Amino acid sequence: PIHPTAARRPNTLVVQSENTQYSDEYITSHFNNRGATVNLSEGQILVTPTVQPYEFQTKRAVSKTGLMMIGMGGNNGSTLCSTILANRHNIVWRTKEGVQQPNYIGSLLRASTVRIGSEPGTGKEVHVPICDVLPMVHPNDLVLGGWDISGVPMDKAMARARVLDYDLQRQVAPYMALLGKPLPSIYYPDFIAANQEARADNLIPGDDKQAHLEHIRADIRKFKQDNELDRIVVFWTANTERYSDIIPGVNDTADNLLASIKSSHAEVSPSTLFAVAAILEGEPFINGAPQNTFVPGVIELAERKQSFIGGDDLKSGQTKLKSVLAEFLVNAGIKPLSIASYNHLGNNDGHNLSAERQFKSKEISKSSVVDDMVDANRLLFKAPEVGPKGVPVGKGEHPDHIVVIKYVPAVGDSKRAIDEYYSEIFCGGRSTINIFNECEDSLLATPLILDLTILTELLTRVKYRDLSAESKNKEFAPLYPVLSLLSYMLKAPLVKPGTEVINSLNRQRNALESFLKACVGLEGSSDLLLDTRIW
Ligand code: NAD
């Protein structure tokens, strides 16, 4: 068995097929995208299978990658740095359970596998770690840096977070101290809770947003140059901001947004400013918090600059479970009537979320998670009424869904989540499932930040071309800038405008798995397992 922390192995997966070509520089694969178009006509569902040929080209050499976090000195940021350093320097530590090794458990890429085929003869299934399907950056190799409005040095930030065992903190502290203190950041008090003000002692001076933008862009360039990097992933893991109002003429288009930054418009948030800085530098930006950083102007700018963005909000605990349980119920033909979720936590994130406007952002991001499962089953849930022009009115029938978050300092980083699923079952019966989930928040979130960073770097190296006869442009092109393939790790996945959000965790994982396999020319290895069903 391959342990997730096993020393790095060469990427040895080789696909032998006329669909897959290897050169020193690229892996090129032919892929048939199979789907179906459906026409609903009177009394009939007319389905036409479709096939579209594509080619994927993946650059084999991984980029030397930097991870610049906004909020580096927070619980997630400091935990990420210290656990990478523990892995990199192979620090083992003692807990009351015994000796603990560092590892990457909780990382989809490094600690989970995909079924790739079966052995001839025995038919025994073969699984490989996801990180071996295509060349990916090893987390130990990420160059770490970033910003924080709190100037506490990283070793002290780790102690302040109260996440890691003392014996690990003690040993990793000298390495953390070498990271120094985070770069000064921008602080617009209107966007995060007033209770954060005492932390804000490490600020880029002034209140000119254009000057702030240029300062951050210069930070990104300098970090890239100083560390001789090919790629930087800029990652928002700072406090949750309030929602930005979408105001026509201010942030609705790329040009309006850039003009609003020039005029230091009050509605441009720090996270939007960081996103714009990353896009203008051509580096990917990921939003790990729930606020609407990606106002329409940011998405348009990312499209214009062909620069990658992904978000929103890390999907670490309660929501991950909810997207699985709700799907299980609906797919089992059971009808959830209400889902009631309560959380309490005692870390600084919880403190910030105790303010109404910041809680609102979290509430919105947590609320839509069952929508697609409900939409997919109109046997259980009535479809929306159709208005005069054939346009649906409202959302149709939907389970009641509430989310409550409370700040309870005593529990620190150990978040408690209580969820009640109340459902209708056979012939008027009722079923209630209660889940009580206790988890160390930052230890769940850190591997997600790693997965998002490493996948994003990989997706910057993948190009595609459409080989169908109708295709006008047969040149290789980068993927669409909004990286919805990251959805598995995100609570409220940002998708290409006009396309549907998929919340189902299984579908999100299948999409990622199918995509990675397609890039090496493997398609259609479904769970049909036909040879086990026939003579
Ligand atoms: P935290 O409060 O410990 O850390 C946030 C850090 O951001 C703080 O050090 C703060 O000083 C800094 N900060 C605030 N505004 C800033 C700015 N403008 N520029 C630079 N730094 C700034 O919080 P955390 O537990 O590390 O969580 C970070 C974010 O991730 C939060 O928004 C949280 O909602 C989100 N999140 C966390 C989880 C999880 O499981 N831990 C899950 C989903 C989302």
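Residues numbered from 1 in each chain as written. Predicted model: local features only at pLDDT ≥ 70, side-chain atom pairs only at ≥ 80, totals over all residues. Heavy atoms only, no water.

1. Brief notes about a nonpolar patch on the surface
Formally: Patch membership needs two things, relative accessible area over 30% and no salt bridge, and members are linked within 9 Å if like-charged or within 5 Å if nonpolar (Val, Leu, Ile, Met, Phe, Trp, Tyr). In this description, accessible areas are obtained by the Shrake-Rupley approach with a 1.4 Å probe, and a residue is regarded as covered only by the protein chains that are shown. Any Lys or Arg side-chain nitrogen located within 4 Å of an Asp or Glu carboxyl oxygen qualifies as a salt bridge. For helices the rule is a DSSP run of H or I covering at least 4 residues; for strands it is a run of E covering at least 2, with both sets numbered from the N terminus onward.
Taken together, the side chains of Val38, Leu40, Ile45 and Val47 define a hydrophobic patch exposed on the protein surface, amounting to about 430 Å² of accessible area. Listed by contribution, the elements that provide at least two residues to the nonpolar patch are β2 (26-41) and β3 (44-59). The residue Val38 is located in strand β2 in this model.

2. Quick look at the environment of Tyr342
How we decide: Only protein chains enter the calculation, and the probe is 1.4 Å; a residue is then buried if its accessible area is under 20% of its type maximum, exposed if over 50%, and partly exposed in between. Any two residues whose heavy atoms approach within 4.5 Å at even a single point are treated as in contact.
With respect to the element layout, Tyr342 can be found in strand β13 (residues 335-345). Among the residues examined, Tyr342 registers a relative accessible area of 40% and is labelled partly exposed. Note: C-alpha distance between Tyr342 and Lys406 (64 residues apart in sequence) is 8.0 Å. Setting aside residues no more than four positions away along its own chain, Tyr342 makes contact with Gln318, Ile402, Val404, Arg416, Ala417 and Ile418.

3. Thoughts on the sheet that holds strand β16 (residues 400-407)
Selection rule: Here the rule is simple: two strands pair whenever DSSP picks up at least two bridges between them. Angular values range over 0 to 180 degrees, each being the angle between N-to-C directions of two axes fitted as lines to C-alpha atoms, with helices fitted over their stretch in contact.
Ordered in space as β16-β13-β17-β18, the four strands form an open sheet in which the pairing is mixed. Strands at the two margins of the open sheet, each flanked by one partner only, are β16 and β18 (430-440). Across the sheet, the axes of successive neighbouring strands diverge by a mean angle of 10°, strand direction being ignored. Contacts from helix α11 (residues 356-367) reach β13 and β16 within the one sheet, and its direction differs from that of β16 by about 145°.

4. Comments concerning the pairing of strand β8 (residues 125-129)
Pairing of strand β7 (residues 113-118) with β8, which is carried by five bridges, proceeds in the antiparallel orientation. Counted as the bridge partner of Thr113 is Pro129 from β8. Linkage of β7 to β8, two consecutive antiparallel strands, is achieved through a turn of six residues, within which Gly121 is found at a positive phi near 85°.

5. A closer look at the sheet that holds strand β10 (residues 231-236)
The strand order across the open sheet formed by five strands is β9-β4-β10-β11-β12, and the pairing between neighbours is parallel. In this open sheet, the two strands that pair with only one neighbour each are β9 (143-147) and β12 (309-310). As judged from the five bridges shared by strand β4 (residues 65-70) and β9, these two strands associate in the parallel manner. Note that in β9 the partner of Met69 across the bridge is Gly146. Against the sheet, helix α13 (residues 441-460) contacts β4, β10 and β11 (285-287), and its axis sits at roughly 140° relative to β10.

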